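# Fold and geometry: a report
Single-letter residue listing:
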Amino acid sequence: MLKLYGGTRSRAAIVAWYLEELGVPYEFVRLDMAAGAHRQPDYLAINPMGKVPAVVDDGVVVWESGAILLYLADKHGQLPATPGERARVYQWILFSNSTLIQALAQPGEKRDQELGKLLPPLQQILSDQDYIMGATLTVADVALASILGFAAQMFNLDLTAYPAIAAYLQRCQARSSWQKVMTGN
Ligand SMILES: N[C@@H](CCC(=O)N[C@@H](CS)C(=O)NCC(=O)O)C(=O)O
């Protein structure tokens with residue numbers, strides 16, 4: 001069975017959410033990160049960077065949440081048929097895990113400035129469709145909504161000016177798979 005390595009309240013939740021969406025069984029290996037379990041040789045043999053999440057699946061080892069999501073989507077036949085459509089999925093996962101996270105990591109006013117550039121186009125796109133690729137949830141939403149959700153929680157991100165983004169986040173968070181992983185229900 002696939003093993004998912006993570007910690008309490010870590011980005012492993014992103015991968016767990018997608019595994020639940022896919023209906024793929026997995027064992028969650030909770031590392032005691034406060035005690036430094038992610039820096040011990042047995043875990044560094046899986047991810048030499050000492051970060052979670054990582055997965056071990058039939059002898060395949062993958063780390064970096066975005067790479068794991070894409071691996072799972074690919075393995076389970078969830079990537080679009082054409083290179084152009086697949087590129088849109090890569091684009092949104094990389095946007096979420098690099099551009100959006102980098103903006104969120106800026107200190108105070110600079111964060112607001114950067115988000116002021118990124119959130120209006122996102123609001124525009126989500127005004128016309130329920131999910132980031134169109135009418136149905138894809139792996140791209142798992143990355144994007146997870147980061148938006150973390151931002152809302154950690155930085156008290158105020159989405160009042162972006163009602164379509166707020167509705168999108170609510171739509172994703174209402175899914176039973178999200179509820180199961182993030183709230184333990
Ligand atoms: N870009 C990586 C980030 C991984 C990351 O920073 N994970 C945190 C937990 S959410 C971690 O392992 N921190 C432990 C440390 O840095 O020592 C991903 O998305 O997988």
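Residues numbered from 1 in each chain as written. Predicted model: local features only at pLDDT ≥ 70, side-chain atom pairs only at ≥ 80, totals over all residues.

### Section: the domain arrangement of the protein
As far as domains go, the protein holds domain 1 (2–76) and domain 2 (83–180). Look at where the C-alpha atoms of domain 1 and domain 2 centre, and you get two points 22 Å apart. Contacts between the two partners involve 10 residues from domain 1 and, on the opposite side, 10 residues from domain 2. Elements with a contribution of two residues or more to the side of domain 1 that touches domain 2: helix H1 (12–22) and helix H3 (65–75). Split by residue class, the side of domain 1 that touches domain 2 holds six nonpolar, two polar and two charged. (Domains from an automatic or database assignment. Contact = placed C-beta atoms within 7 Å. Helix = DSSP H or I, 4+ residues; strand = E, 2+ residues; numbered from the N terminus. Nonpolar A, V, L, I, M, F, W, Y, C, P; charged D, E, K, R; others polar.)

### Observations regarding unusual backbone geometry
Along the chain, valine 52 connects to proline 53 via a cis peptide bond; the corresponding omega equals 10°. Relative to the elements of secondary structure, proline 53 occurs in the loop between helix H2 (41–44) and strand E3 (54–57). One non-glycine residue, aspartate 58, lies in positive phi territory at about 55°. The topology assignment puts aspartate 58 in the loop between E3 and strand E4 (60–63). Residue classification places aspartate 58 among the exposed positions, given that 7 C-beta atoms sit within 10 Å. Of note, asparagine 156 is a non-glycine position whose phi angle comes to about 55°, a positive value. With respect to the element layout, asparagine 156 can be found in the loop between helix H6 (139–154) and helix H7 (163–173). Overall, asparagine 156 belongs to the exposed group, with 7 C-beta atoms counted inside 10 Å. (Buried ≥ 20, exposed ≤ 12 C-beta atoms within 10 Å, placed from the backbone.)

### Re the site of the ligand
The immediate surroundings of the ligand are formed by Ser10, Arg11, His38, Gly50, Lys51, Val52, Pro53, Glu64, Ser65 and Asn97. Residues belonging to the shell around the ligand are distributed by class as follows: two nonpolar, five polar and three charged. (Near = placed C-beta within 6 Å.)

### Thoughts on the nonpolar core
With 41 residues, the main nonpolar core has Val15, Tyr18, Leu69 and Ala143 as its most contacted residues. Mapped onto this core, the elements with two or more residues apiece are strand E1 (2–6), H1, E3, H3, helix H4 (83–104), H6, H7 and helix H8 (176–183). Each of two domains, domain 1 (2–76) and domain 2 (83–180), supplies a minimum of three residues to this core. Once residues within four sequence positions are removed from consideration, tyrosine 18 is found in contact with Leu69, Leu72, Val139 and Val142. (Core = buried A, V, L, I, M, F, W, Y, C linked by C-beta atoms within 7 Å.)

### Examining the pairing of E3
As paired elements, E1 and E3 share three bridges and run antiparallel to each other. What sits directly across from tyrosine 5, in E3, is alanine 54. Where E3 meets E4, four bridges bridge the pair, whose relative direction is antiparallel. Residue pairing across strands places alanine 54 opposite tryptophan 63, the latter belonging to E4. Hairpin connection, E3 to E4: the antiparallel pair is bridged by two residues, and aspartate 58 has positive phi, about 55°. (Pairing = 2+ DSSP bridges.)

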